[in-house]
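# Close look at the chain arrangement
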Amino acid sequence: MKITGNTILITGGTSGIGRGLAQALHERDNRVIIAGRRQNLLDDITTNHPGMAGLQLDLGSPTSLSHLADEVEAHYPELNVLVANAGISRSEDLTSDEWDASIAQAIIETNILGVLRVTAALLPILKKRPDATIIVTTSNLAIIPLSAYPTYCASKAFLHSWLQSLRHQLRDIPVEVLELSPPYVQTELTGEQQASDPRAIPLPVYISEVIHLLETHDHPRGEILVAHDRQRRFAEQEGRYDAAFAAINPT
Ligand SMILES: NC(=O)c1ccc[n+]([C@@H]2O[C@H](COP(=O)([O-])OP(=O)(O)OC[C@H]3O[C@@H](n4cnc5c(N)ncnc54)[C@H](OP(=O)(O)O)[C@@H]3O)[C@@H](O)[C@H]2O)c1
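What this report covers is the structure whose coordinates are included nearby. In this text the structure is predicted, and so the values were computed from the model without any measurement.

### With respect to the side chain of His160
- Here His160 lies in helix 6 (residues 150-169).
- Take His160: its relative accessible area is 12%, and that puts it in the buried class.

Right, dumping it as structure tokens:
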């Protein structure tokens, strides 16, 4: 992906990693459109970053998604990059009699179907553009699950697999397919406490490392992995899987 001169739609652009990427890419002379449900945040961010645009989008709503392609064709026909980054994370106690799969359903709707639907809506536009790129945010928990978040981790494992097939199918079109696989980063993904958790990487540090990897095209196999990620990503290949699983899932 070139790092400047793109028109980029970022889902989950109202906070955390999506918002950080939006700001960094806006500063590098890209036309950035942030998407999310919270209109007040879309307004605040775009007011503070003249030239950035906001698009209200609920990935759980088929109506909201059905207008997306038309809206993009009408207002941003030059769109060449999709960052499908929006996601939710919730813990689930599978041993509880109260567990009823409703949280799992919400996660699957947003993290899996949300990504597939937004890709389906915009791929016909992207296929026609030069320098087209799709970036999807997974997680390093796709590789080694944190058992308190079973469906969340499985949703990211689904995307990790699905992206390999998408990349292969699009190899001759060509649309570049990149997987952004963050480690634990200071955002409010699991609640306010995460944004100041000292075990998580500060958001600006993570964003600047990601931008550097994009600038230098340092993403072998299409995986954008910051240094912090690599331990877990290659644990199985290096014979460290059981130890790595036990480290985050103590008995
Ligand atoms: N932070 C981490 O430690 C970490 C690690 C690995 C992976 N990730 C992944 O990184 C991505 C971004 O998460 P984050 O950490 O930046 O958390 P975040 O600040 O909570 O961001 C999540 C974003 O997703 C959007 N979103 C959620 N549900 C949506 C829906 N139904 N429709 C449209 N937008 C929706 C939210 O916007 P609205 O509320 O405005 O709709 C928000 O902008 C997620 O995919 C997450 O799984 C994060």
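There is more to say, and it comes next.
### Comments concerning the sheet that holds strand 7 (residues 223-224)
- Read from one edge to the other, the open sheet built from seven strands follows the order 3-2-1-4-5-6-7, with strand pairing classed as parallel. Pairing within the sheet leaves two strands with one partner each, and these edge strands are strand 3 (53-56) and strand 7.
- Two strands pair when backbone bridges link them, and strand 1 (residues 7-11) and strand 2 (residues 31-36) are joined in this way by five bridges, in the parallel orientation. In the strand pairing of strand 2, Ile10 is matched with Ile34.
- Contacting strand 1, strand 2, strand 4 (81-84) and strand 6 (176-180), helix 1 (residues 16-27) crosses the sheet at an angle of about 165° to strand 1.

### Notes on the packing of helix 1 against helix 7 (residues 203-215)
- Where helix 1 contacts helix 7, the axes come no closer than 10 Å and their chain directions differ by 55°. The pairing of helix 1 with helix 7 is recorded here as oblique in orientation. In this structure, helix 1 meets helix 7 at a crossing whose hand is right-handed. In contact with Gly16, Ile17, Gly20, Leu21, Ala24 and Leu25 of helix 1, helix 7 contributes Leu203, Tyr206, Ile207, Val210 and Ile211.
- Residue composition of the contact of helix 1 with helix 7, grouped by class: nine nonpolar, two polar and no charged.

### Some details on the site of the ligand
- Taken together, 29 residues sit near the ligand, with Thr14, Arg37, Asn85, Tyr152 and Thr187 positioned nearest.
- Here an oxygen atom of the ligand sits 2.9 Å away from a polar atom, N or O, in the side chain of Arg38.
- Val185 is positioned such that a nitrogen or oxygen atom in its backbone is 2.8 Å from an oxygen atom of the ligand.
- Protein coverage of the free-state accessible area of the ligand, which is 880 Å², stands at 94%.

Criteria and thresholds
Residues numbered from 1 in each chain as written. Predicted model: local features only at pLDDT ≥ 70, side-chain atom pairs only at ≥ 80, totals over all residues. Heavy atoms only, no water. Helix = DSSP H or I, 4+ residues; strand = E, 2+ residues; numbered from the N terminus. Buried < 20%, exposed > 50% of the residue type's maximum accessible area, 1.4 Å probe, protein only. Pairing = 2+ DSSP bridges. Contact = heavy atoms within 4.5 Å. Axes fitted to C-alpha atoms, helices over the stretch in contact; angles between N-to-C directions. Parallel < 35°, antiparallel > 145°, perpendicular 65-115°, else oblique. Left-handed = near helix turned anticlockwise from the far one by under 90°. Nonpolar A, V, L, I, M, F, W, Y, C, P; charged D, E, K, R; others polar. Near = heavy atom within 4 Å. Polar contact = N/O pair within 3.5 Å; in protein donor to acceptor, adjacent residues only side chain to side chain. Areas by Shrake-Rupley, 256 points an atom, 1.4 Å probe, with all protein chains shown as cover.

Nothing here speaks to function; it is all geometry.
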